[in-house]
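Report on the structure
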There are 2 protein chains.
Amino acid sequence: MRFSIVVSTQPASFSAVAYKERLPESLATIKRLGYDGVELAVRDPELINPDELERLLAQFGLPVSALGTGQAYGEEGLSLTHPDAQVRCRAIARLKSHISLASRLKAIVIIGLIRGKRVEGVACDQAETWLQQALEECAAADRSVKLALEPINRYETNLLNSVDESLRFLRRVGAENVGLLLDTFHMNIEEPSILSSIESAGDRLLHVHVADSNRWYPGAGHIDFGGVLTRLDRLGYQGYSSAEILPLPDPDTAAAMAILQLRRCCGLETGGWSDRGAAVIR
Amino acid sequence: MRFSIVVSTQPASFSAVAYKERLPESLATIKRLGYDGVELAVRDPELINPDELERLLAQFGLPVSALGTGQAYGEEGLSLTHPDAQVRCRAIARLKSHISLASRLKAIVIIGLIRGKRVEGVACDQAETWLQQALEECAAADRSVKLALEPINRYETNLLNSVDESLRFLRRVGAENVGLLLDTFHMNIEEPSILSSIESAGDRLLHVHVADSNRWYPGAGHIDFGGVLTRLDRLGYQGYSSAEILPLPDPDTAAAMAILQLRRCCGLETGGWSDRGAAVIR
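Residues numbered from 1 in each chain as written. Chains lettered and ligands numbered in written order. Predicted model: local features only at pLDDT ≥ 70, side-chain atom pairs only at ≥ 80, totals over all residues. Heavy atoms only, no water.

Quick notes on the packing of helix α1 (residues 23-33) of chain B against helix α2 (residues 50-60) of chain B
All names here are of chain B.
- Here α1 crosses α2 at 25°, and the two axes come no closer than 10 Å. Here α1 is positioned roughly parallel relative to α2, judged by the angle of their axes. The crossing of α1 and α2 is right-handed. Across from L23, P24, L27, A28 and K31 in α1, the residues of α2 making contact are L53, L56, L57 and F60.
- A per-class count over the contact of α1 with α2 returns 8 nonpolar, no polar and 1 charged. (Axes fitted to C-alpha atoms, helices over the stretch in contact; angles between N-to-C directions. Helix = DSSP H or I, 4+ residues; strand = E, 2+ residues; numbered from the N terminus. Parallel < 35°, antiparallel > 145°, perpendicular 65-115°, else oblique. Left-handed = near helix turned anticlockwise from the far one by under 90°. Contact = heavy atoms within 4.5 Å. Nonpolar A, V, L, I, M, F, W, Y, C, P; charged D, E, K, R; others polar.)

Put into structure tokens, the structure is as follows:
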């Protein structure tokens, strides 16, 4: 099992991001804590110098597990299901720009909140058709890049909350490089059984977000991460488990506790590592 | 353990209410299913004929476990922590009207969303002070009526989400007849451990809402209701466990499944009852 943690490449208002500023310092800490990679939340790839980014990532020896795209919706309102065709068009263009960066970084692209919310007056089937068309167009832009659709809890969107709904929707999408992202925080609210839903996702599963029931680091709530990681392992899941967590009580403690608990759940030796974690916490 | 279920006395937009219309028919079904009482969601007691209501309740032999007040916020924006003193004043007046009806019905009054949300620019301490003053004034209006403050998850309000926060706040409130309502759906999101938080609430606990992790009837999600009800029993809790659940897959099935599962969790004989439940479901 490989572990990564979300870092925003720019200041962001979305709360469940451990690190939001000072990218080099954040990457240094993440590497020191023993993470295998980093997930980057990128509002707009145009604002990034990819050479500089690659240099930084190489410096710390951190691959990129996935690119988060939700800030394009959260900060700019770009939505793949907006009733205004121009907004949908700009959202697709933005996503293609993410895909192009992801291709360079060999990362998955996350389809989270950039799908938007179904607004009043738009039928569910219409919204899903727009989303289907957008995903097919984006998936065709570069078949080597995988797109991971994330079921998100009812409070954050009214479009594709559960694994079942999302799997049903994915069957409409004619593209092999589109699959699922499962987030334990959202699953705790939406899934009757977290483990059964992991099972249902099966080989459509491309990426996993780990956050506890209160969106703190694993171990701070009541989700059974031992069970989750064991089930992923048994399914033959080869991707990352990526901590998308609140920076509480502070970013470094959250990051240190997350990997400490995740490794413990895997039965991984945490001695030397745990010392490194403890050094960061205090 | 006594069980009740939420019924709205008027059409309502709030989703987690099993029954929203046709009060007599709803009460008849609830009685037939074997509930011990009913919780009434009342936007404005002035719109109710209390004699008629009492007659109906007596006809079905259903006591009222609690009065929900959140629709006054949801539909009319009345909030105990609104920065506009006139709105706070109207919210307090409304709550006193609920208290007067509750006194007649011997019911608890719920302080849920009527506390409002802390709006931008209002300091947390200021909002809590307004809430404290409002609760002290309302509690003094009739000491025989208990007010139950409900911790509500982060997505619905930014004011008092967890049991810990709410207990800390309650220590500021100088009134013996103010306590806590715990809702298992909210607890699943906010509490590191549902059972430990029930324990912490201890004798401040006045009322319990039962809904599963997905807000469906108990048994449709992953909350351990056997553990919850056992813990309540061990604490000596004498109040109701009241189903505040989504009317899914339909109101009657939701209500029937809720009491079936709750009674099973208590180890109560469900044979005859279950037949009655089955008769309603199909």
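On we go from here.
A few points about α2 of chain B
All names here are of chain B.
- Listing the buried residues of α2 in full gives L53, L56, L57 and F60. Buried residues of α2, viewed axially, fall in a sector of 95°; they line one side. Those residues of α2 that are exposed and aimed more than 90 degrees away from the buried face are D51 and A58.
- Against the buried residues of α2 lie α1, β2 (37-41), β3 (64-68) and α4 (85-105).
- Positive phi shows up at G61, right after α2, with a value of about 60°. (Buried < 20%, exposed > 50% of the residue type's maximum accessible area, 1.4 Å probe, protein only. Arc of directions from axis to C-beta.)

Comments concerning the pattern of salt bridges
- This structure, assessed with the given rule, holds 26 salt bridges over all chains.
- The salt bridge partner of R215 of chain A is E156 of chain A, with a shortest N-O separation of 2.9 Å. You can see R215 of chain A sitting in the loop between β7 (205-210) and α9 (225-234) and its partner E156 of chain A sitting in the loop between β5 (147-149) and α6 (163-170), a full 59 residues away along the chain. The pair R215 of chain A / E156 of chain A is uniform in exposure class, with both members buried.
- Across the pair R215 of chain B and E244 of chain B runs a salt bridge, and its minimum N-O distance is 3.9 Å. Here R215 of chain B is found in the loop between β7 (205-210) and α9 (225-234), whereas its partner E244 of chain B is found in the loop between β8 (240-243) and α10 (251-265), with 29 residues between them in sequence. The same class applies to R215 of chain B as to E244 of chain B, namely buried.
- A single salt-bridge network, built from bridges that share partners, covers R43, D44, E76 and R94 of chain A. (Salt bridge = Lys/Arg side-chain N within 4 Å of Asp/Glu carboxyl O.)

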